[in-house]
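Single-letter residue listing:
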Amino acid sequence: MADQDQNTQQAGSDAPAFNLQRVYLKDLSLEMPNAPHIFLEQEGPAVEVTINVGGQRLADTVFESTVTVTVTTRVNDKVLYLVEATQAGIFELANIPPEQMDPILGIVCPTMLYPYLRANVADVITRSSLPALHLTEVNFQALYEQRLAEMAQQQDKPNGAESGIILPPGATRQ
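Quick notes on the rules
- Residues numbered from 1 in each chain as written.
- Predicted model: local features only at pLDDT ≥ 70, side-chain atom pairs only at ≥ 80, totals over all residues.
- Heavy atoms only, no water.
- UniProt positions renumbered as here; feature names shortened; annotations may be inferred.
- Phe/Tyr/Trp six-rings, centres within 6.5 Å; stacked < 30°, edge-to-face > 60°.
- Helix = DSSP H or I, 4+ residues; strand = E, 2+ residues; numbered from the N terminus.
- Buried < 20%, exposed > 50% of the residue type's maximum accessible area, 1.4 Å probe, protein only.
- Pairing = 2+ DSSP bridges.
- Salt bridge = Lys/Arg side-chain N within 4 Å of Asp/Glu carboxyl O.
- Contact = heavy atoms within 4.5 Å.
- Core = buried A, V, L, I, M, F, W, Y, C linked by side-chain atoms within 4.5 Å.
- Axes fitted to C-alpha atoms, helices over the stretch in contact; angles between N-to-C directions.

Looking at an unreviewed UniProt entry, one finds the protein chain named Protein-export protein SecB and attributed to Bordetella pseudohinzii. Under the heading Function (unreviewed entry), UniProt records this for the protein chain: "One of the proteins required for the normal export of preproteins out of the cell cytoplasm. It is a molecular chaperone that binds to a subset of precursor proteins, maintaining them in a translocation-competent state. It also specifically binds to its receptor SecA."

Focus on the packing of aromatic side chains
Using the criterion set out here, one finds 2 aromatic pairs in the structure. Plain terms: the ring middles of Tyr-114 and Phe-140 are 5.5 Å apart, the flat faces sit at 70° to each other, and that makes the pair edge-to-face. Of this pair, Tyr-114 sits in helix α2 (residues 98–126) while Phe-140 sits in helix α3 (residues 140–154), placing them 26 residues apart in sequence. Tyr-114 sits in the buried class, given a relative accessible area of 3%.

Points about the pairing of strand β3 (residues 62–75)
Burial analysis of β3 places 11 of its 14 residues in the buried class, which makes it a mostly covered element. In terms of strand pairing, strand β2 (residues 46–57) meets β3 through 12 bridges, oriented antiparallel. In the strand pairing of β3, Gln-56 is matched with Glu-64. Count of turn residues in the β2/β3 antiparallel hairpin: 4 residues. Hairpin connection from β3 to strand β4 (residues 78–94): 2 residues lie between these consecutive antiparallel strands, with Asn-76 at a positive phi of about 50°.

Quick look at the pattern of salt bridges
Applying the stated rule across the entire model yields 5 salt bridges. Salt-bridge contacts for Arg-118 lead to Glu-137; the nearest nitrogen and oxygen are separated by 2.5 Å. Of the two residues, Arg-118 is situated in helix α2 and Glu-137 in the loop between α2 and α3; the sequence distance between them amounts to 19 residues. Using a relative accessible area of 61% as the deciding quantity, one classes Glu-137 as exposed.

Quick word on the environment of Ile-104
Tracing the backbone through its elements, the reader meets Ile-104 in helix α2. Separated by 37 residues in sequence, Ile-104 and Gln-141 place their C-alpha atoms 9.9 Å apart. Residues within four places of Ile-104 in sequence aside, it is in contact with Phe-18, Leu-93, Ile-96, Cys-109 and Pro-110.

Side note on the nonpolar core
Among the nonpolar cores identified, the biggest contains 32 residues, and Val-69, Val-71, Tyr-81, Leu-93, Val-121, Ile-125 and Phe-140 are the most heavily contacted of them. Of all the secondary-structure elements, those providing two or more residues to this core are β2, β3, β4, α2 and α3. The element best represented in this core is α2, accounting for 11 residues. Residues within four places of Ile-125 in sequence aside, it is in contact with Tyr-81, Val-83, Leu-130, Pro-131, Ala-132 and Leu-133.

As for the sheet that holds β4
Taken in spatial order, the 4 strands line up as β1-β4-β3-β2 in an open sheet, and their pairing is antiparallel. Of all the strands in the sheet, the pair left with one neighbour each is β1 (17–31) and β2. Direction aside, the axes of adjacent strands within the sheet are offset by 15° on average. α2 contacts β1, β2, β3 and β4 of the sheet and is inclined by roughly 140° relative to β4. Strands in contact with α3 are β2 and β3; relative to β2, the strand with the most contacts, it is inclined by about 75°.

Quick look at the structure:
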């Protein structure tokens, strides 16, 4: 019986683990450089949204994943508002095969964080007395695959830029 319990504990310690430990708003900025005069404009605004994914290893099995959005809204080439926000989360990833780490950090973690980011952006814009902007859904898998394709192109060039996606030691992209 004791041997069976010991075997169960050993098998459990080798089992893959993926846990979200904490979600937090890492950075938030709202700028309205042309207020109050911009409120007199009658034309509708043009919205530009940029999303980036990043992260870092905090400990052997602990990672921070981040999703950053920049929303620039203009009316007649004047900035109505600029919102920059970074939503972050701390994730535990233990006993995950190396080939699965990159997709988890580049797709799964950002997908979990994005709803929090959307809510925070909508809230800060609403608090500025402007109508809320609800960011559209993002396919982080497509974004991840696009980054991999860009990285493959940049590997042919010297001084290629980093993707912001974290790989564990010894892992390679395929």
